[in-house]
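Residues per chain are reported as follows:
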Amino acid sequence: MGREGPSVQIGAGIASALGAGLDFRRPWRGNLIPVGAAAALSAAFNTPVSAVLFALEEIVGDMNASIIGSTVLASVAR
């Protein structure tokens, strides 16, 4: 994935670890992965809109995902 590869992996890993630490069930933990990836990309490259688009299109594969709100919030809040 180029330069953004490590950012995506670290952000997704942190989000998954937080979900495990908060005792989320596995489907909910899976929904945190694009949220963490979008937050990491937004922080690394200072591009919140493109981070959301990247996370939803490349990681989730669906632009009509039910997690768009949390992904946008994490990307903007970074």
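Above: the structure in question.
Residues numbered from 1 in each chain as written. Predicted model: local features only at pLDDT ≥ 70, side-chain atom pairs only at ≥ 80, totals over all residues. Heavy atoms only, no water.

Moving on, we come to the side chain of T71. The residue T71 is located in helix α4 (residues 68-77) in this model. If we skip the residues at most four places from it in the chain, T71 touches P34, V35, A38, V52, A55 and L56. (Helix = DSSP H or I, 4+ residues; strand = E, 2+ residues; numbered from the N terminus. Contact = heavy atoms within 4.5 Å.)

An ideal rise of 1.5 Å per residue puts 18 Å on 13 residues; helix α3 (residues 48-60) measures up with 17 Å between its terminal C-alpha atoms. Within α3, the full set of buried residues consists of A51, V52, F54, A55 and L56. Among the structural elements, α1 (5-21), α2 (26-45) and α4 are those in contact with the buried residues of α3. At the exit of α3 stands G61, carrying a positive phi of roughly 85°. (Expected span 1.5 Å × (residues − 1). Buried < 20%, exposed > 50% of the residue type's maximum accessible area, 1.4 Å probe, protein only.)

This brings us to the nonpolar core. Listed in full, the 5 residues of the largest apolar core are V8, A37, L41, A51 and F54. At the level of secondary structure, the elements contributing two or more residues to this core comprise α2 and α3. (Core = buried A, V, L, I, M, F, W, Y, C linked by side-chain atoms within 4.5 Å.)

Our next topic: the environment of V52. For V52, the position within the fold is in helix α3. Residue V52 is classed as buried on the basis of its relative accessible area of 9%. Along the primary structure V52 and S42 are separated by 10 residues, whereas in three dimensions their C-alpha atoms are 8.1 Å apart. If near-sequence neighbours (up to four positions away) are discounted, V52 is found in contact with A38, T71, V72 and S75.

Taken by themselves, the reported measurements are silent on function.
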